[in-house]
Amino acid sequence: MIQGLLLALVAGSLVSMQNVFNSKVNEHTGSWATTALVLGMGFAASLTFGLLFEGGRLFSLENMKPWYWFSGGIGVGVVICLTLGLRLLGPTYAISIVLISQLGSALVWDSLGWLGLSKVPFTFQKLVGVLVIIGGILVFKLGGRGENEAATAETDKTSESRIQSEARGA
Amino acid sequence: MRGLLLALLGGAFITLQGVANARISQDVGTWQAAAVTQFTGFIMALLILLFVRDGRRRGLRQVKPLYLFGGALAAVIIFSEVTAIRNAGVTFTISAVLIAQLCLTFLIDSSGWVGVVKRKMKLPQFIGLGMMVAGVIILEF
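- Naming follows an unreviewed UniProt entry, where chain A appears as Transporter family-2 protein of Paenibacillus forsythiae.

Now the structure itself:
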């Protein structure tokens, strides 16, 4: 549990760093060029680490199921949904909904145990926990917006690419 | 309405990404899972780029080289996330990822480290983070 917590915190911190970097790239080129570059870099790094830690065993892929070869499409789906969603809703609301949806679908996933992941039984306590976190996200994202309208508006306008990648995740 | 659906779908896809990586890693190993998903995603994005042509390749030269390597962080991100999901479940992992992500993003913003617009962390943001941490504690104990 503690190991999982620490790793998740590492992942979240790196996601936010990556988003900042990616948004810098996105400012200078298009959304798909950025996506291709980011995924290409990710592939190169995964390959390097894999070779470093596992050597030739990295290429023993006999247990691959056919759909694994299309799993990268999920990331492409993320980019399409976020780009269009942001355009229609504006960053603050779009990101709030994306974050909430991440959490909600995680709860559904744990409860149903789809794709053969170990099932984590749904309890009332879990629901309360998730609702409190969602409340926290809403307060975090929407709280104090009125106080500083001008600054918020400016942020909204200047950092669309930034916010687009903010929710992209890994 | 359409925006709402797209945002909901986008969020669900982000979670699905972590879950799919965790699933694939059970069968072929974690680095393999990371490499395969990134590679297939890269090919698809490249194909779309060929059609959309929103490239402006010259623009890339104006980017500070360090920023071009941001994508490489994904290797460590996927490895950590997959191990966390297998270790502690999807809900717990996603919650902790989001808290760390929001915290660090605000730290980066308010310090202006990478020349992004400065935003100040105000009382509502502290309350929000406090609620999120409380929610994770309720989730697990």
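From this point, things continue past the structure.
**Observations regarding the side chain of A:K126**
Point 1. Looking at where A:K126 falls in the secondary structure, it is placed in helix α5 (residues 124-142).
Point 2. Notably, A:K126 is buried but unbridged: the nearest opposite-charge side chain belongs to B:E140, and the N-O separation is 4.3 Å.
Point 3. A polar contact of 3.3 Å, which involves the side chain of A:K126, links it to the backbone oxygen of B:L139.
Point 4. For A:K126, the residues in contact, after removing those within four places along its chain, are A:L107, A:V120, A:P121, B:L139 and B:E140.

**Some remarks on helix α2 (residues 30-52) of chain B**
Point 1. The terminal C-alpha atoms of α2(B) lie 32 Å apart, and with 23 residues this matches the ideal 33 Å at 1.5 Å per residue to within 8%.
Point 2. One or two steps after α2(B), the chain reaches B:R53, where phi turns positive at roughly 50°.

**Concerning the confidence of the model for chain A**
Residues and elements named next belong to chain A.
Point 1. With 85% of its residues at a pLDDT of 70 or more, chain A has an overall mean of 83.
Point 2. Residue range residues 148-160 is modelled with pLDDT below 50. Its contacts to residues more than four positions away, or to other chains, number 10 contacts.
Point 3. Low pLDDT, under 50, characterises residues 166-170; the stretch is placed with 25 contacts to residues that sit more than four places away or in other chains.

**Things to note about the interface of chain B and chain A**
Point 1. If you look at the interface, chain B gives 105 residues, while chain A gives 108 residues.
Point 2. Looking only at chain B, the three residues that lose the most surface to chain A are B:I14, B:W31 and B:I77, adding up to 6% of its buried area.
Point 3. Counting the contacts that link chain B with chain A gives 1 salt bridge.
Point 4. The partner of A:K65 in a salt bridge is B:D27, and the shortest N-O contact between them spans 3.0 Å.
Point 5. Where chain B packs against chain A, one counts 25 residue pairs in polar contact (both at pLDDT 80 or more).
Point 6. Of all the elements in the fold, those that place two or more residues in the side of chain B that touches chain A are α1 (2-28), α2, α3 (65-68), α4 (73-88), α5 (90-111) and α6 (123-140) of chain B.
Point 7. The element contributing the most residues to the side of chain B that touches chain A is α1(B), with 23 residues.
Point 8. Residue composition of the side of chain B that touches chain A, by class: 66 nonpolar, 29 polar and 10 charged.

**Comments concerning the packing of α1(B) against α4(B)**
Residues and elements named next belong to chain B.
Point 1. Where α1 contacts α4, the two axes come as close as 9 Å, and the packing angle between them is 80°. Comparing the axis directions of α1 and α4 gives the class roughly perpendicular. Here α1 contributes G18, V19, N21, A22, S25 and Q26 to the contact with α4, which in turn contributes I78, E81, V82, I85 and R86.

**Concerning a nonpolar patch on the surface**
Point 1. A contiguous nonpolar surface patch, about 600 Å² in accessible area, is contributed by B:F39, B:I43, B:L47, B:L50, B:F51 and B:V52.
Point 2. Here B:I43 is to be found in helix α2.

**Side note on the pattern of salt bridges**
Point 1. For the structure shown, the criterion picks out 2 salt bridges over all chains.
Point 2. The partner of B:D27 in a salt bridge is B:R23, with the nearest N and O atoms 3.7 Å apart. Taken as a pair, B:D27 and B:R23 lie in helix α1 at a separation of 4 residues, close to a single helical turn.
Point 3. A relative accessible area of 22% means that B:D27 is categorised as partly exposed.
Point 4. Residue B:R23 is classed as buried on the basis of its relative accessible area of 14%.
Point 5. Three or more residues are tied together by salt bridges with common partners; here these are A:K65, B:R23 and B:D27.

**Overview of the environment of B:L60**
Point 1. Structurally, the position occupied by B:L60 is in the loop between α2 and α3.
Point 2. The residues touching B:L60, leaving out its near neighbours within four places in the chain, are A:V25, A:T29 and B:L68.

**Thoughts on the packing of aromatic side chains**
Point 1. Per the stated rule, a full pass over the model turns up 9 aromatic pairs over all chains.
Point 2. An angle of 25° between the planes, with centres 5.3 Å apart, marks the rings of A:F49 and B:W31 as stacked. A residue pair is termed interchain when its members come from two chains, as with A:F49 in helix α2 (residues 31-54) and B:W31 in helix α2.
Point 3. Since its relative accessible area comes to 28%, A:F49 is described here as partly exposed.
Point 4. On the basis of relative accessibility, which here comes to 7%, the residue B:W31 falls in the buried class.

**So, the environment of A:S118**
Point 1. Its place among the elements puts A:S118 in the loop between α4 (91-112) and α5.
Point 2. Each C-alpha atom of the pair A:S118 and A:G143 lies 37 Å from the other, and the pair is 25 residues apart in sequence.

**Describing the UniProt feature "transmembrane region" (unreviewed entry) in chain A**
All names here are of chain A.
Point 1. According to UniProt, the positions carrying the feature "transmembrane region" (unreviewed entry) are residues 32-55, 67-86, 92-115 and 127-144.
Point 2. With 75% helix and 0% strand, residues 67-86 has end C-alpha atoms that lie 29 Å from one another.
Point 3. Secondary structure across residues 92-115 comprises 88% helix and 0% strand; the distance between its end C-alpha atoms is 32 Å.

**Describing the packing of helix α1 (residues 2-28) of chain A against α2(A)**
All names here are of chain A.
Point 1. Contact geometry for α1 and α2: axes closest at 9 Å, N-to-C directions at 135°. In terms of their interaxial angle, α1 and α2 are classed as oblique. The crossing of α1 and α2 is right-handed. Here Q18, N22, V25 and N26 of α1 come into contact with α2, specifically with S31, T34, L37 and V38.

Conventions used here
Residues numbered from 1 in each chain as written. Chains lettered and ligands numbered in written order. Predicted model: local features only at pLDDT ≥ 70, side-chain atom pairs only at ≥ 80, totals over all residues. Heavy atoms only, no water. Helix = DSSP H or I, 4+ residues; strand = E, 2+ residues; numbered from the N terminus. Buried < 20%, exposed > 50% of the residue type's maximum accessible area, 1.4 Å probe, protein only. Lys, Arg positive; Asp, Glu negative; His and termini not counted. Salt bridge = Lys/Arg side-chain N within 4 Å of Asp/Glu carboxyl O. Polar contact = N/O pair within 3.5 Å; in protein donor to acceptor, adjacent residues only side chain to side chain. Contact = heavy atoms within 4.5 Å. Expected span 1.5 Å × (residues − 1). pLDDT = per-residue confidence, 0-100. Buried area = accessible area lost by both parts, 1.4 Å probe. Nonpolar A, V, L, I, M, F, W, Y, C, P; charged D, E, K, R; others polar. Axes fitted to C-alpha atoms, helices over the stretch in contact; angles between N-to-C directions. Parallel < 35°, antiparallel > 145°, perpendicular 65-115°, else oblique. Patch = residues over 30% accessible without salt bridge, like charges linked within 9 Å, V, L, I, M, F, W, Y side chains within 5 Å. Areas by Shrake-Rupley, 256 points an atom, 1.4 Å probe, with all protein chains shown as cover. Phe/Tyr/Trp six-rings, centres within 6.5 Å; stacked < 30°, edge-to-face > 60°. UniProt positions renumbered as here; feature names shortened; annotations may be inferred. Left-handed = near helix turned anticlockwise from the far one by under 90°.

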